[in-house]
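Each chain, written out:
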Amino acid sequence: MSLSFHSNLTTTTTSTRNIANMKTTSSQSLLLLLLLLFFPFLVTAKFVIEPCDSSNSCQALLSYRLPFNSKLSEIASRFQTDVTQILESNGFDPTDPLPGNQILSENTVVRVPIWCPCVDGIRRSVSTVYTVEAIDTVDYIAVGYGGLVSADQIREANEISDWDRIYLGQRLVIPLPCFCFNGSDNGLPVVYMSYVVKQGESLKSIGQNHGTTVTDLVAVNGLGSVLVNTGDILAIPIPACSSAYLNLNQGDFIVPNASYALTAYDCVQCTCGPKDLILRCFPSPFATNCNRFKCRGTNLYIGEVYEERTMSGCDVTKCFYRGYHGHNILSR
């Protein structure tokens, strides 16, 4: 009798547990479905990996969509860069007296410049280091980088075996995606930008917004189809101006479209676009203790053009930037 009762109790208990498990499984499935419906970025993101076998680095960009309101100085600190470089990459006014305190709103997209080295046979940036604060979790830290890195990638890069075993003051390497592809696209100079696909976007809309085509994006990213998902990370070729044709004495550089670069100890500012890909250089607003801005034998400063109409037509005199030697600006 006791054995029979025990058997019935066990059967009843087991049945109850099975029902509870079924309810739990059903609840978890419903929760997962809701998460994927309302937060599709939780689907495993795709991203292109560029193999490499050399120690060289290239200039690259991150398209960073702000997850919350941020000062420019906070963005610079988050990515271990400085405010001036963010101003340059976005074409922001370099003469703003307090650029670091400028607050950009949530969802604003900012270009962040990084260097892209070869690390363990693939291109990725590992120069950004985050210092853990009191309330941080790995997932929360990942959110701060706007989808450019996942919590699992941070755990792997820092050998975090326990799910969230981090401590106050710990320094975590943030592995960020970057691409070089020899700095060219269809034979033209470009700077590659890592871009996180947002909800509702397609390759067509992304291409239209960044001056490229669906065919080019498919080829660059090695895609098997034209379909992309929210959270996927694409390499986007940004047309750029190269200083190569200037035959500079020093300081060869490449400037992405719709941005500028300071060179020659910040004495010279060179801009690219946005309407064309002609590199134009002229004295920067920060120019101090800079010598020889004028072209020899003229009253023109670098970047200036003088046209004089004559009986035979029009004489044009131009003053070009040709590099620098010490603090002397070279021109012709």
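Structural data are supplied above this passage.
One structure accompanies this document, and this report is about it. Computed from a prediction, not measured in an experiment: that's the story for all the values here.

## Thoughts on the overall build of the protein chain
So, step 1. Along its length, the protein chain carries 7 helices and 20 strands.
So, step 2. For the protein chain, the residues scored as buried account for 39% of the 332 residues in total.
So, step 3. Pairs at least 24 apart in sequence give 61% of the contacts found in the protein chain among residues at least 6 apart.
So, step 4. Element-wise, carbon and sulfur atoms account for 55% of the exposed surface of the protein chain, whose accessible area totals about 19,300 Å².

## What about the pattern of salt bridges?
So, step 1. In total, this model carries 7 salt bridges according to the counting rule given.
So, step 2. In this structure, Glu201 and Lys198 form a salt bridge, with 2.9 Å as the shortest nitrogen-oxygen distance.
So, step 3. The exposure class assigned to Glu201 is buried, which follows from its relative accessible area of 12%.
So, step 4. Linking Arg280 and Asp276 is a salt bridge whose minimum nitrogen-to-oxygen distance equals 3.1 Å.

## A look at the sheet that holds strand E9 (residues 176–177)
So, step 1. Reading across from one edge, E5-E6-E9 is the order of the 3 strands in this open sheet, with antiparallel pairing throughout. Looking along the sheet, the strands with just one partner apiece sit at the ends: strand E5 (118–119) and E9.
So, step 2. Where strand E6 (residues 122–125) meets E9, 2 bridges bridge the pair, whose relative direction is antiparallel. Bridge pairing links Arg124 to Pro177 in E9.

## A closer look at the state of the cysteines
So, step 1. Using the criterion set out here, one finds 7 disulfides in the structure.
So, step 2. The disulfide partner of Cys52 is Cys118, and the gap between their sulfur atoms is 2.0 Å. In this structure the cystine formed by Cys52 and Cys118 twists about its S-S bond by roughly 95°; its chirality is therefore right-handed. Separated by 66 residues along the polypeptide, Cys52 in the loop between helix H1 (2–38) and strand E1 (58–65) and Cys118 in strand E5 bring together distant segments of the chain.
So, step 3. The disulfide that involves Cys58 links it to Cys180, with 2.0 Å between the sulfurs.

## What to know about the nonpolar core
Soluble globular proteins tend to pack their nonpolar side chains together in the buried interior.
So, step 1. Membership of the largest hydrophobic core comes to 38 residues, with the highest contact counts inside it found for Ile75, Phe79, Ile141, Tyr145, Ile154, Ile174 and Leu176.
So, step 2. Of all the secondary-structure elements, those providing two or more residues to this core are E1, helix H2 (72–78), helix H3 (83–90), strand E4 (109–116), helix H4 (138–143), helix H5 (151–157) and strand E14 (259–263).
So, step 3. Leave out the neighbours within four places in its chain, and Ile141 touches Tyr130, Val132, Asp136, Ile154, Ile166, Leu172 and Ile174.
So, step 4. In terms of nonpolar packing, the next biggest core, distinct from the first, is built from 22 residues, Leu246, Val255, Cys270 and Cys295 among them.

## Topic: the pairing of E14
So, step 1. Along E14, 5 of the 5 residues are buried, which leaves the element largely enclosed by surrounding structure.
So, step 2. Burial along E14 is two-sided: Ser259, Ala261 and Thr263 and Tyr260 and Leu262, pointing in opposite directions, are all buried.
So, step 3. Pairing of E14 with strand E15 (residues 268–272), which is carried by 5 bridges, proceeds in the antiparallel orientation. The partner of Ala261 across the bridge, within E15, is Cys270.

## Some points on the side chain of Asn221
So, step 1. Mapped onto the fold, Asn221 is located in helix H7 (residues 214–221).
So, step 2. Engagement of the side chain of Asn221 in a polar contact is seen with the backbone nitrogen of Ala235, the distance being 2.7 Å.
So, step 3. Residues within four places of Asn221 in sequence aside, it is in contact with Val48, Ile233, Leu234 and Ala235.

Thresholds, definitions, all that
- Residues numbered from 1 in each chain as written.
- Predicted model: local features only at pLDDT ≥ 70, side-chain atom pairs only at ≥ 80, totals over all residues.
- Heavy atoms only, no water.
- Helix = DSSP H or I, 4+ residues; strand = E, 2+ residues; numbered from the N terminus.
- Buried < 20%, exposed > 50% of the residue type's maximum accessible area, 1.4 Å probe, protein only.
- Contact = heavy atoms within 4.5 Å.
- Areas by Shrake-Rupley, 256 points an atom, 1.4 Å probe, with all protein chains shown as cover.
- Salt bridge = Lys/Arg side-chain N within 4 Å of Asp/Glu carboxyl O.
- Pairing = 2+ DSSP bridges.
- Disulfide = S-S within 2.5 Å.
- Core = buried A, V, L, I, M, F, W, Y, C linked by side-chain atoms within 4.5 Å.
- Polar contact = N/O pair within 3.5 Å; in protein donor to acceptor, adjacent residues only side chain to side chain.

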